[in-house]
Amino acid sequence: MAFDIDKYTATSVAVHWGDLDLESFREHPLDDTSLRTLRYMTDVEYHTVCYTRDLLTTPSHRDPDVSAFMTMWNREEFWHGEALAAVLHMHGVTVQYDELKAKRLKLGWKDRLDPIKQSVLGTLVGSDFIATHMAWGAANEWSAITAYNRMAELEENPVLAELLRRIAKQEARHVAFYTSQARARLAASTKAQKLTRFALKRFWAPVGSTIMERDDVVHVMTHLMSGDAGRDAARKVDRSIASLPGLEDLRIVEDALDGLGIAADGDDRVSIR
Amino acid sequence: MRAQETDVEGAADFDVAAFTRSAHGNLRDAVDVEAIRVSPREAQLLGILCVLEGATMAHLRNVLVTATHKDARVTAFLVTWAFEKFWVADALSSVSGSGSTPTGSLPGGPVRRATGGILAGRSIVGAHMVAGYLDDLVLDVAYDTVESDAAPPLRELLAVIRGTKSRHTAFFLSEATRRLASDQRSARLAERGIRREAWPIGAPLLDAATRDAFTASVFGGDVRADHAEHVAHAIAVLPGIRARTASELARTLVKGA
């Protein structure tokens, strides 16, 4: 079913948490492992604008539906960052503009050259490049939902679980947009399928990998995606990605976890506690 | 997200966190947009304003490939700015009967802008703040023009739109002032942008005839030429902007982009 962009924009809101008892974290605080993961998630949500930059280098911005989606999506992701930052704040951690800026500045030349690379590729490949960005976005959003759901399961904290559920619900609408775009564009072009398959297989990495330190990526993946349950969740994301036209049998999430040395079996979180 | 950045001299006096928390969404919630009736002349100018307000993603395409995207305080503002302008354009589209908000690309493109951005470094942020401020000044004159003969229902909508936009203008002015005051290179880049770019920012998305119609409506005639002088004066008082650059700007506005 086609994504209803008018309905999406009309109902897009900042995630709310005013009714949640965040004060309860003062009595029942999250442990350091969880706080580190939560901080990673917060930073990634705030850094969404960096992904927007890459998406805008393609001709996709000329499509009114894509343009409208990006406007709302950016704001929703920003507010996911704000919501998670509110939880961190209850633990004495304040996220500052300067810190986020410092992380972006640290990315150096690769980050400066990326938009040029993306734009040249987009020009060479043409509109099929949009399909790749849409499939990539879908993979990222599926991963994000999985990460939030896993965090909620592992923590068993009702306040955090509810907040993460609300965030994941918004991410699900983002998935719907990206998959509807990717499915249609991939179905229409064998070249787009081949390019997307190659790009995802060769270059995809867990969300945040390009911005955060490798140690942090390994920490979060070990925390959320290790063990039998974590690996099952990863396989589920891979199956979703593989359901897109031309992407059959892709297993990019499992491959990424293997590449990071994340345990594929055993009890959850054994290796991190 | 809290706290202000420390690598730009002068205190940032605009509260971005408060701005993001109190963003204005769908204007149809505040005003009965469908009930507003406009003349063909008003419809034309409102339709043009819809295109100009809706140029956010086209503008961000050029802006985010530079060091501006690294400044988390600025991007927090821009995310909310784009959201508010989306709904401004939506209301203008409805009132003018122009249908969905048109989109397109602005001159430059990511490769040229990113390359220029690498050379400009962080000084480009100040130039982008001046661009946002100048865009708002020009559009404000256009809103003045529409408002001069508008019936009360349209005036009500314009008041909501201008109220929304006044916070954008305040941010751009505050940021432009402190960044240009502390960075001469930023002022030079801002001047180059004033001279080289079309104003308002979204003007290149309009065809030549529509651009001419906008210029004639907003800056045509002796009285309206004063509006161009007013915009130029507001730009001239920014730190490091020379009177010559402002005068050129006034002439360009009257002549058309």
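Residues numbered from 1 in each chain as written. Chains lettered and ligands numbered in written order. Predicted model: local features only at pLDDT ≥ 70, side-chain atom pairs only at ≥ 80, totals over all residues. Heavy atoms only, no water.

(A) Expanded view of the side chain of Glu-141 of chain A. Positionally, Glu-141 of chain A belongs in helix α8 (residues 128-155). For Glu-141 of chain A, which is buried and forms no salt bridge, the nearest opposite charge comes from Arg-173 of chain A, at a distance of 11 Å. (Helix = DSSP H or I, 4+ residues; strand = E, 2+ residues; numbered from the N terminus. Buried < 20%, exposed > 50% of the residue type's maximum accessible area, 1.4 Å probe, protein only. Lys, Arg positive; Asp, Glu negative; His and termini not counted. Salt bridge = Lys/Arg side-chain N within 4 Å of Asp/Glu carboxyl O.)

(B) View of the packing of aromatic side chains. Summed over all chains, the structure comprises 23 aromatic pairs over all chains. Measuring from ring centre to ring centre gives 6.0 Å for Phe-198 of chain A and Phe-203 of chain A, while their planes differ by 85 degrees; the resulting arrangement is edge-to-face. Phe-198 of chain A gets classed as partly exposed once you look at its relative accessible area, which sits at 45%. Judged by its relative accessible area of 52%, Phe-203 of chain A is exposed. Relative to Phe-171 of chain B, the ring of Phe-14 of chain B has its centre 5.3 Å away and its plane inclined at 75 degrees; by these criteria the two rings are edge-to-face. With Phe-14 of chain B in the segment before α1 (16-21) and Phe-171 of chain B in helix α7 (residues 152-182), this pair connects stretches of sequence that are 157 residues apart. Phe-14 of chain B sits in the buried class, given a relative accessible area of 12%. A network of ring pairs unites the aromatic residues Phe-3, Tyr-8, Tyr-51, Phe-69, Trp-73, Phe-177 and Tyr-178 of chain A as a single cluster. The cationic tip of Arg-75 of chain A hangs over the ring face of Phe-83 of chain B; the distance from NZ or CZ to the ring centre is 3.8 Å. (Phe/Tyr/Trp six-rings, centres within 6.5 Å; stacked < 30°, edge-to-face > 60°. Lys NZ or Arg CZ within 6 Å of the ring centre and 35° of its normal.)

(C) Fine view of the pattern of salt bridges. Per the counting criterion, the structure on display carries 36 salt bridges over all chains. In this structure, Arg-166 of chain A and Asp-19 of chain A form a salt bridge, with 2.8 Å as the shortest nitrogen-oxygen distance. Separated by 147 residues along the polypeptide, Arg-166 of chain A in helix α9 (residues 158-187) and Asp-19 of chain A in the loop between α1 (5-11) and α2 (24-27) bring together distant segments of the chain. Here Glu-191 of chain B makes a salt bridge to Arg-188 of chain B, at a shortest N to O gap of 3.0 Å. You can see Glu-191 of chain B and its partner Arg-188 of chain B sitting in helix α8 (residues 184-196), three residues apart, about one turn around the helix. According to the relative accessible area criterion, Arg-188 of chain B is partly exposed, its value standing at 38%. What emerges from the salt-bridge pattern is a single network uniting Arg-231, Asp-232, Arg-235, Arg-251, Glu-254, Asp-255 and Asp-258 of chain A.

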